[in-house]
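An overview of the molecular structure
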Amino acid sequence: MSSSAPQHESSEEHHSLKEKIQHPFPHIREKLKETHLYDVKIKATHMKHKVGKFGNLFNRNHRHDEEHEKKTDEKRSMICENHRFNSFAPERYGNEIKWYVDGRDYFWAVSVALDRAKETIYIADWWLSPELFLRRPPYYNREWRLDRVLKRKAEEGVKIYIIVYKEVSAALTCNSEHTKKAIMDICPEGSPGHGNIRVMRHPDHNVFENAGDMTFYWAHHEKFIVIDYNLAFIGGLDLCYGRWDEKQHPLADVHPSGVQNEIFPGQDFNNNRIMDFQTVDDWKSNQLSKTEYGRMPWHDVAMGLIGPCVYDIAEHFVLRWNFCKRDKYKRDKRYDWLTLENREGTDEDLVGIQRPKFPVGDYVHHPLTSLSTKNLENRGTVHAQLVRSSADWSSGLDPPEHSIQTAYCDIIRNAQHYVYIENQFFITATGEEQSPIHNQVGRAIVDACVNAGREGRKFRVIIVIPAIPGFAGDLRMDAATGTRVIMDYQYKSILRGKHSIFGQIEAQGVDPKNHIFVFNLRSYDRLNVTQALKAQEEKSGIPYHELQRAEADEIMAPDDDGNEAREAAADKKRRFEDQREDIGLGDEGGTIDPDSIADDAMLNDKKVSEEKWDGDPEKEKENFFQEELYVHAKVCIVDDKTVICGSSNINDRSQLGYHDSELSIVMTDTRALDSTMDGVPYRAGHHAATLRRILWREHLGLLPAQSLDASKDPNAQPPGDSPNDNLEGPEFDFVADPLSDALWDLWCRRASTNTDVFRDLFHADPDDCIRSFGDYDAFTPNPKADKQYKQGHLYDMNRPVAEVRRELDRIQGHLVWMPLRFLEDAEMAEKGLQINAYTESIYT
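Residues numbered from 1 in each chain as written. Predicted model: local features only at pLDDT ≥ 70, side-chain atom pairs only at ≥ 80, totals over all residues. Heavy atoms only, no water.

Overview of the packing of aromatic side chains
Enumeration over the complete set of coordinates arrives at 29 aromatic pairs. Ring geometry for Tyr 420 and Trp 696: centres 5.6 Å apart, planes at 75°, overall edge-to-face. Residue Tyr 420 is found in strand β13 (residues 418–422), and its partner Trp 696 is found in helix α19 (residues 686–700); the two are separated by 276 residues along the sequence. Assessed through its relative accessible area of 2%, Trp 696 is described here as buried. One aromatic cluster is present, built from ring pairs that chain together Tyr 122, Tyr 161, Phe 224, Tyr 229, Phe 317, Trp 321, Tyr 329 and Tyr 335. (Phe/Tyr/Trp six-rings, centres within 6.5 Å; stacked < 30°, edge-to-face > 60°. Helix = DSSP H or I, 4+ residues; strand = E, 2+ residues; numbered from the N terminus. Buried < 20%, exposed > 50% of the residue type's maximum accessible area, 1.4 Å probe, protein only.)

Observations regarding helix α17 (residues 563–577)
Over its 15 residues, α17 runs 21 Å from end to end, which matches the ideal 21 Å to within 8%, given 1.5 Å per residue. Of the positions making up α17, those classed as buried are Arg 566, Ala 569, Ala 570, Lys 573, Phe 576 and Glu 577. Considered in projection along α17, the buried side chains sweep an arc of 120° and stay on one side of the axis. Looking at α17, the residues exposed on the side facing more than 90 degrees away from the buried face are Glu 564 and Glu 567. Where the residues of α17 are buried, they touch α15 (531–540) and α16 (544–556). (Expected span 1.5 Å × (residues − 1). Arc of directions from axis to C-beta. Contact = heavy atoms within 4.5 Å.)

Quick look at the packing of α19 against helix α21 (residues 741–762)
Contact geometry of α19 with α21 gives a least axis separation of 10 Å together with a crossing angle of 40°. Put simply, α19 runs oblique to α21. You can see that α19 and α21 cross each other, and the crossing is left-handed. Seen from α19, the contacting residues are Arg 692, Trp 696, His 699 and Leu 700; seen from α21, they are Leu 743, Leu 746, Trp 747 and Arg 750. (Axes fitted to C-alpha atoms, helices over the stretch in contact; angles between N-to-C directions. Parallel < 35°, antiparallel > 145°, perpendicular 65-115°, else oblique. Left-handed = near helix turned anticlockwise from the far one by under 90°.)

Notes on the pairing of strand β22 (residues 680–685)
The two faces of a sheet get side chains in turn, since along a regular strand they alternate between them. Here six bridges tie strand β21 (residues 672–677) to β22, and the two strands are oriented antiparallel to one another. Pairing of Ala 672 across the sheet is with Gly 685, part of β22. Hairpin remark: β21 followed by β22, antiparallel, with two residues in the connecting loop; positive phi at Asp 678, about 55°. (Pairing = 2+ DSSP bridges.)

Re the nonpolar core
Phe 233, Leu 239, Met 303, Leu 691 and Trp 747 are the most contacted members of the largest nonpolar core, which totals 124 residues. Among the elements that line this core, the one with the most residues is helix α9 (residues 309–327), at nine residues. Setting aside anything within four residues of it in sequence, one finds Trp 747 in contact with Tyr 420, Ile 462, Phe 519, Trp 696, His 699, Leu 700 and Leu 815. In this structure, Ile 411, Ala 444, Ala 480 and Met 487 belong to the second largest nonpolar core, which totals 49 residues. (Core = buried A, V, L, I, M, F, W, Y, C linked by side-chain atoms within 4.5 Å.)

Some words on the packing of α16 against α17
Close contact between α16 and α17 brings their axes to 8 Å; oriented N to C, the two are set at 140°. The angle between the axes of α16 and α17 places the two elements in the oblique class. The chirality of how α16 crosses α17 is left-handed. Across the interface between the two elements, Tyr 544, Glu 546, Leu 547, Ala 550, Glu 551, Asp 553 and Glu 554 of α16 pack against Ala 565, Arg 566, Ala 569, Ala 570, Lys 572, Lys 573 and Phe 576 of α17. Considering only residue class, the contact of α16 with α17 consists of seven nonpolar, no polar and seven charged. (Nonpolar A, V, L, I, M, F, W, Y, C, P; charged D, E, K, R; others polar.)

Brief notes about the pairing of strand β11 (residues 382–390)
β11 sits mainly inside the fold: nine of its nine residues count as buried. Of the two faces of β11, the one holding Val 382, Ala 384, Leu 386, Arg 388 and Ser 390 and the one holding His 383, Gln 385, Val 387 and Ser 389 are both buried throughout. In this structure, strand β1 (residues 92–101) lies alongside β11, joined through two bridges in antiparallel fashion. Within β11, the position partnered with Arg 92 by the bridge is Ala 384. Pairing geometry for β11 and strand β20 (residues 662–669), over eight bridges, is antiparallel. Bridged to Arg 388 within β20 is Leu 663. Across two bridges, β11 lies against strand β12 (residues 401–402) in antiparallel orientation. Each residue of the ladder has a partner; that of Ser 390, found in β12, is Glu 401.

Structural data, given as structure tokens:
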């Protein structure tokens, strides 16, 4: 892509002649630069441009109306036209790509990789929590808190660049202002590392600052990291609260053995169904008592890679950085322009470089050492390509790029055996008749199913999404209107109405029930509020809720001015511990958490009915708790060959290109894995097949539970350290054939059994029994009328505890059926002030 040397020299001669004509007396000009008049001229020019932003209110095309801007747009379009899926990035062979399932493995690998950084770190996130612990339990891993890791690297001279989404504070609680301040203040002026960390927030919402360049509706949603231009991570996991989790997905975090064994300190213990994050700048604050409620567990998927695709992820970051510099920080000297190897000279416009007359900030060339030293070529066997959703507001692109949607549609439409989707949302159209929904992933699914039905092929589309997306509380509350709208669109996308996926397949004479299957995930646990713990509370006069806050104070207080808080917290903990009859210090995370029973649903010999309980047996019933297992993964696996993974949801926000900004990667392994497909020998792609097998085993409870210590786990190390451990054995072989009748029978039976038990014991919602809001109130107490009932707890407290335990024994894994008849007789999304023609696109 870079220009040739002769062209570059010619360009320089042209600029030299132009300079002589414009400035015939350069020596006078140079002398003026040393005077006050020159400073006045610079300030006047900057003010002129700042005021000029208001003209953008009337010229929405202001970034694309000048001749040089049009040439840049044409150049970008030509590049995309020459690439598969019309992507900015080419297809690249020779990548080594490793999958990470759930937060424990991913965050541990990230911690190792960050700690090895020598030159640069790029981080792009929707939300970043400086106080996030990358390793658990936090008490024994304080040096692995994210802000402390970044501080160490900055003090070593590593340059760190972070871009986070600047939220609309009235709608979201992630507080990017706190993120920026906390990160940029960790190396204050005069200290080692000062100036080595820079954090940008974008887009702006201040009309007086940004005028016509504001956006209120759309978000920067990418989640990726690039380290030293030789390693990258990409996927669904932000470096923020609420994402860390294990394969067994514990809900409980009460530890009679000692509060130092807590896994989720402060704000990191969260259940959005009950209470959203509150004042996240106060890291220790948590109004949700661990002795009363469990957390919302979190399922996610990400990739780590070394190889040529690292460059494309870095290029996307550099474009984003330079666009933010232009859009918001153009006159802020703390933020430099980033130039990029292979995007130099006449091609620097491809990464958003501008050369204003009076630049503020330097031009820093990246990578800091040449690409030739990064060993990016021929690192592995995976053929991969970056795809994105990116537009004028997010990256200065016109026309917008929607290569993610193109990739999803092409790969799904051409599927021959199965499509497996895990996603946070599922809102899609089958044509142009479902306004305000426009993305065509649904049409691709229809085409694939109809083709298979007509040809008589066994073909399945298996979709796993959250039972309730978007974090609402009780769905009957007014605050849940937005969530009900999202669910309404999802049901209309799947099966309600003639333009739904089901409706369109049926219209072509094929039975969709033979092809489309939709599931959720759900988990249970027991809050270990024992008799001994209650006695300690009473004797010490300190409720456990205060103790959990003290623990957060001790390990999460700022390093520079948190000594007083730490001392007070330590004193409170001592007074509580003095009343313990048998003090247990825990094992620093080396074994599976003894204070949770979530691992009973996994691959082991344990049963709830055989678990020990300290106290009145019937009191144990107060402590059983269930919650939806929130599916946040954005992954699609097709035919055990190809994987799409990244930040992109299946909805218009992620897929259209001109709404949220997204980055994903399409992967096909050239390394074959001998397998079977519907009983016939089949050459699967190693990467896709092993990822699909590990996911299915987790959902079916065919994986062992995890301990907190991941130091010896190959699946928790960065790419290049070790390949994925597929945990081979009978269970690995059992899930090998994705169309196996025996596997499908177990999948459906476990989903049915789990659904029945959660319905029977907890009246977990949503449920197929609930067809109307009247049914809803009859099925589970309405919080408007019943203030005593605790969401997530057992429904019938009169059932004998032995019976409850036996029923919980039946739950294996986390798979449950999605209730496709939920509220089918009700108006889920009432039109009004919140939901109308102007706001509908926000929810789609």
